[in-house]
Amino acid sequence: MSLDQKIYEQRKDKLKQIEALGQPAYPYKYDATHFIPDVLAKYSETPAEQLENPRVEMRVAGRIMAVRLMGKAGFCHLQQGGKRLQIYVKKDAVGEKGFELFRLLDIGDHIGVRGYLFRTRTNELTVHVDEITFLAKDLLPLPEKWHGLQDVELRYRQRYVDMTMNPEVREVFVKRAKIVQSIRRYFDERNFVEVETPMMQPLAGGAAARPFVTHHNTLDMDLYLRIAPELYLKRLVVGGLERVYEINRNFRNEGISTHHNPEFTMLEFYQAYADYHDLMTLSEELLKQVALDVNGTTISMFEGREIEWGKFQRLSMREAITKYWPEEAGAKPEMAEFSDRAKVEDMVRRLQNAKVSMPYDPKEPTGRAIADMFEAVAEEHLWEPTILYDFPLAISPLSKNKRDEPEEWVERFEIYVAGMEIGNAFSELNDPEEQRRRFEQQLSERARGDEEAHQMDEDYIRALSYGMPPTGGEGIGIDRVTMLLTGSPSIRDVILFPLLRPGKHEEEEEGAEEQQ
RNA sequence: GGGCGCGUAGCUCAAUUGGCAGAGCAACUGACUCUUAAUCAGUAGGUUGAAGGUUCGAUUCCUUCCGCGCUCACCA
């Protein structure tokens, strides 16, 4: 028998003994009068004399996280809401049976206690218990009390243990909830309507990514998990929801890294009668507000460096390439050179000669080469919140042409913080005929082997043909914003149950199923 | 997918050049009515991720596989 099983059996036996004392093994409820974090907040400064007269009576519940038993009395720490409150259990106070129960408790058990607040000799706020109510047994041993659960894989697989042992994990997810709450409030206050659009789509559009495929049995049709809600949300703008937003999951069949999880949460919003300049202002205001709501300050720490959310820099893609152009690649390019294919090819060659690693395919459009140059040269330097604007048309099939340079450029920007892309926005293309040409261009990219190129979406073109007002649209990655605002270095630290390979246990079960 | 690293008791970690697989916590028994990583005395707990190879002898060296982490590529 393994140790785990042995402890499991021992504790089941203790549970029987607890029942024999007249306590139900799995009672239905406990009427607590106080919540432990509130008790700590309210009485942490109250001096001992003041707690004596009048006594602060209460019932509190929690999970036992530490036990110090000394013969006929003992101390425990009870954990609730990520905080711990000490309780003092004395045989004289809880009686023979009560103390018998106390001795049968293990670290990890849930109990409720009735008593009053006092301060110990070391001045720790403590509940003086006169009655213990058993609430639930922990049959499996919790990790070591001092180091907690460190194994990263186990932390993700058994998040319930991780959150019990590591209160800072709980904090991250509480903050994540606040981030979403803050975003909702921002848009609700501005008359945006929150909607939910299909996650299973016959065509996976609205972004450049490989989709997951699934199948509907009754209709006998393949469906794709959405890579973006974009095209559906714009159909809604056509239909008269002039301000609309959605916060939900996207699924992309791509690699997994510290910055990528196959399912991730995205905010997308569309505002009729706005262009990308309006969205730049909105984005700055939104992100500053969210930082304030969540952390109470516009400064957050990430990888040991400060991020100031109150101040954004704005750079065009061409400016960024020029600004961070490496010395080894020769003279910085002039603005005009970006419109000349031969000059752009020369820039790529100079970068590659300077040992800057970047992909380049001479058959691809000039615009893609420019975007790749940006990623190779500038992206990592964009630590302070940056609005990077004006993108090549070739990589932006859904954006409106830039009004003063319509041939090669579109009105699109991305938001970068700590070298990470967290947002993408543009003046939405609403000319159905131009949209059809863009899709056709994408189809030829697809034929060339680009699996991520956009597909033709006839119904979307039909929707645009009914007339979409001028509209600005934007997507913001909630997971990455959460990383930045909570100082979490990996996206897996801000996703409760990140995708992992099946563990040993699941593999065995799977094997058993296959044999049936 | 490529490169680097890791996997030892439930948890956190040791183990000299290849030479009897250990500690702390958790668990169990006992003592202890203000402890706080409680203390003290004792007990139990291992297919060293898996399979194979080299060797008198493998946690240690080699091969393959599995899982995880970091990193590069792709992506947001």
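Refer to the structure above for everything that follows.
Residues numbered from 1 in each chain as written. Chains lettered and ligands numbered in written order. Predicted model: local features only at pLDDT ≥ 70, side-chain atom pairs only at ≥ 80, totals over all residues. Heavy atoms only, no water.

Chemist: Explanation requested: the packing of aromatic side chains in the structure shown.
Modeler: Geometrically, a pair of aromatic rings is defined through the distance of the ring centres and the angle of the planes. In total, this model carries eleven aromatic pairs according to the counting rule given. A ring pair is formed by F374 and Y416, whose centres lie 5.4 Å apart and whose planes are at 65°; its orientation type is edge-to-face. Residue F374 is located in helix α12 (residues 366–377), and its partner Y416 is located in strand β16 (residues 409–417); the two are separated by 42 residues in the primary sequence. By relative accessible area, F374 is classed as buried at 2%. Through a chain of ring-to-ring contacts, the aromatic side chains of Y186, F187, F192, Y245 and F269 assemble into a single cluster. Sitting over the face of the ring of Y116, R55 holds its NZ or CZ atom 3.7 Å from the ring centroid. Geometry around W383 places R305 over its ring, the cationic atom sitting 4.1 Å from the centre. (Phe/Tyr/Trp six-rings, centres within 6.5 Å; stacked < 30°, edge-to-face > 60°. Helix = DSSP H or I, 4+ residues; strand = E, 2+ residues; numbered from the N terminus. Buried < 20%, exposed > 50% of the residue type's maximum accessible area, 1.4 Å probe, protein only. Lys NZ or Arg CZ within 6 Å of the ring centre and 35° of its normal.)

Chemist: Would you take a moment to explain the sheet that holds strand β11 (residues 263–272) for this structure?
Modeler: Across a sheet, paired strands are connected by hydrogen bonds in the backbone, their directions being either parallel or antiparallel. Taking strand neighbours across the sheet as the criterion, the eight strands line up as β6-β10-β11-β18-β17-β16-β15-β14 in an open arrangement whose pairing is mixed. Both outer strands of the open sheet, β6 (193–194) and β14 (313–316), are each paired with one neighbouring strand and no more. In the sheet, β14 pairs with strand β15 (residues 386–392) via four bridges, with the strands oriented parallel. Along β15, the bridge assignment pairs L315 with L388. Its contacts with the sheet place helix α8 (residues 230–238) against β10 (243–251), β11, β17 (420–427) and β18 (471–477), and it is angled at close to 25° to β11. Across the sheet, helix α9 (residues 276–295) is in contact with β11, β14, β15, β16, β17 and β18; its angle to β16 comes to roughly 10°. (Pairing = 2+ DSSP bridges. Contact = heavy atoms within 4.5 Å. Axes fitted to C-alpha atoms, helices over the stretch in contact; angles between N-to-C directions.)

Chemist: What is the right way to read the environment of V172 from this model?
Modeler: Considering the arrangement of structural elements, one finds V172 in helix α7 (residues 167–189). We classify V172 as buried; its relative accessible area is 13%. Along the chain, V172 and V494 lie 322 residues apart, while their C-alpha atoms are 6.7 Å from each other. If we skip the residues at most four places from it in the chain, V172 touches T486, S488, D493 and V494.

Chemist: Can you walk me through the nonpolar core in this structure?
Modeler: Of all hydrophobic cores here, the largest spans 43 residues; its most connected members are I183, F187, L267, L286, W309, F413 and L484. Taken together, the elements giving at least two residues each to this core come down to α7, β10, β11, α9, β15, β16, β17 and α15 (478–486). The contacts of I183, once residues within four sequence positions are left out, are I247, L267, L286, V290 and I478. L21, Y43, L51 and L105 belong to the second-largest nonpolar core, a separate cluster that totals 31 residues. (Core = buried A, V, L, I, M, F, W, Y, C linked by side-chain atoms within 4.5 Å.)

What is shown is where atoms sit, not what they do.
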